[in-house]
Amino acid sequence: MQGYKVLWVPGCDHAGIATQSVVERRLLREQDKRRQDYSREEFLQEVWRWKQEKGDEIYHQLKKLGASLDWSRACFTMDPGFSKAVTEAFVRMCDSGLIYRSESLVNWSCALESAISDIEVDSKQLPGRTLLSVPGYEQKVEFGTMITFAYPIEGHEGEVAVSTTRPETMLGDVAIAVHPDDTRYQALHGKQCRHPFTNRLLPIITDPVVDMGLGTGAVKLTPAHDHTDFLLSQRHSLPRLTVIGGDGTMTSHCGHWLQGVKRFQARERVISALMEMKLFRGKEDHPMSLPICSRSGDVIEPLLKKQWFVRCEKMAQKAIQAVDEGELEIIPHFYTKTWKNWLSNISDWCISRQLWWGHQIPAYRVTLPESGNTQEEQWVWGRSEAEARERAAAKFGVSPTALILTQDPDVLDTWFSSGLFPFAMLGWPEQTEDLKQFYPNTMLETGNDLIFFWVARMVMLGTELTGQLPFKQVLFHSLVRDKHGRKMSKSLGNVIDPLDVISGVSLERLQEKVMEGNLDPREKAVAMEAQRKDFPNGIPECGTDALRFALCSYKAQGEDISLSVSQVLSCRHFCNKMWQTVRFTLGALLDVGSPVTPLPETFPLTRIDKWICSCLYSTVEQCERGFESYELHTVTSALHSFWLHSLCDVYLECIKPVLKQQVTESEGERKVEKRVAAAVLYHCVSTSLRLLSPLMPFLTEELWQRLQPYSPRPSTASSSVCMQSYPTTSELAHWHFPQDEADFPLVQEVVRVARSLRAQYHLTKEKPDMWAVCTADQAQTLYSFSPAICILGRVSNLHLHCTQEGATSLPFVSAPPPPEGSPFGVVGHSIQLHLDIQNCSNADKQIILLSQRREKLLFRLQQSLSKTRGPGYAEKVPERIRLETENKIAALEQELKSINDQLLALKSSKS
């Protein structure tokens, strides 16, 4: 609408872990089969079948939401073209040394039987002993305790006590470390302890990294199951013994009594065995941070694995530099600090995943049949097996047929392929026309929870593989939570499907969806109860535009959004108001008959016309600023306020008498006034529809088409509203009247007080005269807006009385003082508004109301006076309080006098 060429490409990643987990649960539930019961090819067929059934759901939601995507370019990360880009990226980065294979400790999820990256690990803070549910265990498992046990010293009397939160790992202990300056253990340097279960000798080593104040000051070292211990093993050349397998059961290194036992069941057996051997020294609460897999909810087990890693340090420094030098802007800017801190401390990225669904790693293990060394791994990589074979033949100096290649069964981390999206979606590595035209992208807009998962990786991979940043700006929006501020979760039953808000859904259907899902029975019960509580009557139909407008109305760049369906319903009511406004406008245009003048040729006549025109100008100005700063909530607020409060509540009410009046050809001035009012109304509505189009595409289109028969230029306006130019302040410069906007708040306050007085005296039908006692400047403003004041305030005549010297010479300040005893209200401490109720009907009712009001005021006056008559009032009460009380008493006495005068006048008029 602003004239730019824009491309928004729809895309979906294959969500390796999440998708495979869903399909595995489905097969177990429906066919009682596990993944291992299928061949890899058979299982992948099941995944593709599920993808065809469910995979387009997000696209369907986006279409229903009116997202302006180029569907002809829709891209899936497992598409052949995209898969080619993934392979190309892996091979190039291996060739440059950025991807390497190494044996190292990785974050392992036993539930998934796969490695996960550091940022997929959540830290759960435990205050002490805590029982938690762990996948694969029927009973809850205890965490947050510290176990102390003793290792006997070999060849000497005595022992070394060590403390641990994971006693099951003691089967993998290879040494004991103490601080070199710890006087408690200096005599034991170089000594050995005997392992009570494996009979291994454990050397006592010294290292300054040991915390003397933690536990006993002696630390058991299990390099294959702890990151700190792993680093110590490298420093002291210690062996690494894996005692927990990838499935979470104990390995053969533990002996027959533990082999195959689940790790947390083995924990209890180890403690019992230590007690029997009288080596157990106690257990106590221990606050700790427990690593949890964000994907499966499992407790992370650090395991020693050979995996593929990406070297990140140099790429991370480039990403930091891009922000520092202003080449990449992060919005909101407070995320810049988070960006720098994380990238400055980044570790290498493990990209191997032990899954079947995903991009199988294009690396091949080489076996040379004639070589006797089968222990040492040799790897090559290639864009195809044929290329890998040629590379292997050249590397080892043999014929391509003289070696065996076995492709790595692991797949790449989903975020590796997703990180290529900004350029792979445009055809990279081929130099396509799309890539030349649309890369680098202008902006990435995404959730603030993806800053490390996705954004940082896109920047690093894009810069490395294309030599350019993938985009110039990153806009982080807030996360949408439920109305209680909780993260949406299927197990909580608080996930809101946008389609259910758009079309409405019954509680019964919501419950059916839970039953159709993959949750276990306990989670289903919790979810269904939550739905009954939050949506007892289901979700009413709200429509797409109301949902879009509601989401954009929240402040997106800050705290998370707690979405309430009632907020969406409020926006639906606003949609209804838009319908009513356009219906009224169409009626007015039909009644006027003559064509509407074009916007540049439409000039307002009255001050109320000028005011609404200037309000529209200011609204456009606010929209320009809001879109420029990506503060969508300021745009929605400005448009909502203009349409509802300025256009409907004020302007429409003011021009209704003008538009409804029947005028003849001889009444030229009134005819022009009517025609101008209709033209101003038309342009206010049509311009607002253009302003609202990006936010409410469906409703604005419908209303726009209904207005087109009255367009001053139907030939250019007959196309879609989204093809029109977006309104600008330069287009509306001739409608900017700042003085009229500045004066109108006074008018609104006068109307508010007038309505309050009418309500106070129950004047539901009468239109009394009103006097305004004010200054000359105020009188000037009120006089110029007097028609609007009379209509909005529902008074018959506005009399302006000014006691200011010289003001009586003004032609519009000719009224006598207001009637004696007339009820009044104060506007801004400087204007008194008086209503003439003497000529109103039902004097008896007015006398009763005034008498009741007088009794209440007398009671309040007596209360205030009694405070001032207390002993020591003048000495004990601060002067400020005394002055406030005196002012209150004076005001009450003045209002009482006014009521007495009104009662006297009403009784006199009756008689």
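Each chain carries its own residue numbering, running from 1 in the written order of its sequence. Local features in this predicted model are restricted to residues whose pLDDT is 70 or higher, and side-chain atom pairs enter the listing and the counts only when it is 80 or higher, whereas totals over whole chains, interfaces and linings include all residues. Just so you know, side-chain values use all the structure's heavy atoms and leave hydrogens and water out.

Caption draft 1: Layout of the overall build of the protein. A helix here means a DSSP run of H or I that spans at least four residues, while a strand means a run of E at least two residues long, and both kinds are numbered starting from the N terminus. Along the backbone of the protein there are 29 helices and 31 strands. Note on method: radius of gyration uses C-alpha positions; expected globular size equals 2.2 Å times residues raised to 0.38. Radius of gyration (C-alpha) of the protein: 39 Å, far over the 29 Å computed for a compact globule of 911 residues. A principal-axis box enclosing the C-alpha atoms of the protein has dimensions of 120 × 85 × 55 Å. In what follows, residue pairs with any heavy atoms lying within 4.5 Å of each other are defined as contacts. Considering only intrachain contacts with a sequence separation of at least 6, the fraction spanning at least 24 residues in the protein is 74%. Element-wise, carbon and sulfur atoms account for 51% of the exposed surface of the protein, whose accessible area totals about 44,200 Å². Reported accessibility uses the Shrake-Rupley method at a 1.4 Å probe radius. Residues are deemed covered only where the shown protein chains occlude them.

Caption draft 2: Local environment of unusual backbone geometry. Ile331 connects to Pro332 through a cis peptide bond whose omega is 0°. Checked against the element boundaries, Pro332 lands in the loop between β17 (329–331) and α8 (335–344). Of the consecutive residues Trp428 and Pro429, the connecting peptide bond is found in the cis state with omega at 15°. Even without being a glycine, Tyr630 presents a positive backbone phi close to 60°. Turning to its location among the elements, Tyr630 is positioned in the loop between α19 (607–628) and α20 (632–660). A residue is classified by how much of its surface remains accessible, and Tyr630, at 23% relative accessible area, is partly exposed. We call a residue buried when its accessible area falls under 20% of the maximum for its residue type, exposed when it is over 50%, and partly exposed in between, using a 1.4 Å probe and counting protein chains only.

Caption draft 3: Structural detail: the sheet that holds strand β31 (residues 831–835). Only when DSSP finds a minimum of two bridges between them are two strands counted as paired. Across the sheet, which stays open at both edges, the four strands sit in the order β29-β28-β31-β30 with mixed pairing between neighbours. In this open sheet, the two strands that pair with only one neighbour each are β29 (798–801) and β30 (824–827). Neighbouring strand axes in the sheet, compared pairwise and without regard to direction, differ in orientation by 25° on average. Note: strand β28 (residues 770–773) against β29, four bridges, orientation parallel. Its bridge partner being in β29, Ala772 is matched across the sheet by Leu800. To get an axis, fit a line to the C-alpha atoms, keeping to the stretch in contact for a helix; angles then go from 0 to 180 degrees between the N-to-C directions. On the sheet, helix α25 (residues 776–784) packs against β28, β29 and β31 and is oriented at approximately 165° with respect to β29.

Caption draft 4: The arrangement of the sheet that holds strand β10 (residues 175–178) in detail. Taking strand neighbours across the sheet as the criterion, the four strands line up as β11-β12-β10-β13 in an open arrangement whose pairing is mixed. Only two strands of the sheet have a single neighbouring strand rather than two, namely β11 (192–194) and β13 (218–221). Sheet twist, expressed as the mean angle between neighbouring strand axes with direction ignored, is 30°. Pairing analysis gives three bridges linking β10 to strand β12 (residues 201–206), with the strands arranged parallel. Within the sheet, the bridge partner assigned to Val178 lies in β12 and is Thr206.

Caption draft 5: How the structure looks around the environment of His736. The residue His736 is located in the loop between α23 (714–717) and α24 (738–760) in this model. Accessibility expressed as a relative area gives 33% for His736, which makes it partly exposed. In this structure, the C-alpha to C-alpha distance between His736 and Lys610, residues 126 residues apart in sequence, is 7.9 Å. For His736, the residues in contact, after removing those within four places along its chain, are Ser614, Tyr617 and Glu741.

Caption draft 6: Quick peek at the side chain of Thr145. Within the element layout of this structure, Thr145 appears in strand β8 (residues 145–152). Judged by its relative accessible area of 7%, Thr145 falls in the buried class. When sequence neighbours within four positions are dropped, the list of residues in contact with Thr145 reads Arg129, Thr164, Thr165, Lys283, Glu284, Asp285 and His286.

Caption draft 7: Here's a closer look at the environment of Gln661. Relative to the assigned elements, Gln661 resides in the loop between α20 and α21 (668–692). Residue class for Gln661 comes out buried when judged on its relative accessible area of 17%. Each C-alpha atom, one on Gln661 and one on Lys671, is 9.3 Å from the other, the two residues being 10 residues apart in sequence. Leave out the neighbours within four places in its chain, and Gln661 touches Arg670 and Lys674. Within the structure, Gln661 has its side chain in polar contact with the backbone oxygen of Val658 (distance 3.3 Å). Polar contacts here mean pairs of N or O atoms no more than 3.5 Å apart (in protein, one a potential hydrogen donor and the other a potential acceptor; neighbouring residues in sequence count only if both atoms are side-chain atoms).

Caption draft 8: Local environment of helix α26 (residues 786–793). Where burial is concerned, most of α26 is hidden: six out of the eight residues are buried. Within α26, the full set of buried residues consists of Ser786, Ala788, Ile789, Cys790, Leu792 and Gly793. Tucked into the core, α26 has its buried residues touching α19, α20, α24, β28, α25 and β29. Following α26 by one or two positions, Arg794 has its phi on the positive side, about 55°.

Caption draft 9: Representation of the environment of Leu412 within the structure. Tracing the backbone shows Leu412 in strand β23 (residues 411–412). The sequence separation of Leu412 and Ile17 amounts to 395 residues, and the corresponding C-alpha distance is 11 Å. Setting aside residues up to four positions removed in sequence, Leu412 forms contacts with Val86, Phe90, Ile351, Arg353, His359 and Ile361.

Caption draft 10: Spatial organisation of helix α5 (residues 227–236). Among the residues making up α5, those that are buried are Asp229, Phe230, Leu232 and Ser233. End-on view of α5: buried residues confined to an arc of 165°, all on one side of the axis. Residues of α5 that are exposed and point over 90 degrees away from its buried face: Leu231 and Arg235. Those residues of α5 hidden inside the fold are in contact with β3 (99–109), β13 and β16 (301–310). One side-chain oxygen of the residue at the start of α5 lies 3.0 Å from the amide nitrogen of Thr228, identifying that residue as Asp226. For this quantity, the arc is that covered by the directions from the helix axis to the C-beta atoms.

Caption draft 11: Broad picture of the packing of helix α18 (residues 565–592) against α20. Put simply, α18 and α20 touch, their axes get as near as 11 Å, and they point 30° apart. Classed by the angle they form, the pair α18 and α20 counts as roughly parallel. Note on packing geometry: the crossing formed by α18 with α20 is left-handed. Of the residues in α20, those touching α18 at Phe574, Lys577, Met578, Thr581, Val582, Phe584, Ala588 and Asp591 are Leu639, His640, Trp643, Leu644, Leu647, Cys648, Leu652, Lys656 and Leu659. A per-class count over the contact of α18 with α20 returns 12 nonpolar, two polar and three charged. Here is the rule for angles: anything less than 35 degrees is roughly parallel, anything more than 145 is roughly antiparallel, 65 through 115 is roughly perpendicular, and the remaining ranges are oblique. Definitions for this section: a left-handed crossing has its near helix turned counterclockwise from the far helix by less than a right angle. A right-handed crossing has that turn clockwise. Side-chain classes follow a simple rule in which Ala, Val, Leu, Ile, Met, Phe, Trp, Tyr, Cys and Pro form the nonpolar group, Asp, Glu, Lys and Arg form the charged group, and the remainder, Gly included, forms the polar group.

Caption draft 12: Summary view of the packing of aromatic side chains. Pairing of aromatic rings covers Phe, Tyr and the six-membered ring of Trp, with a centre-to-centre limit of 6.5 Å; geometry is then stacked below 30 degrees between planes, edge-to-face above 60, and tilted otherwise. Counting across every chain of the model gives 24 aromatic pairs. Pairing Phe43 with Trp356 gives two aromatic rings, centres 5.7 Å apart and planes at 70°, and the pair type is edge-to-face. A residue pair is termed long-range when its members are at least 10 positions apart, and Phe43 in helix α2 (residues 40–54) and Trp356 in the loop between β19 (352–353) and β20 (363–367) qualify at 313 residues. We classify Trp356 as buried; its relative accessible area is 18%.

Read these as geometric descriptors, not functional statements.
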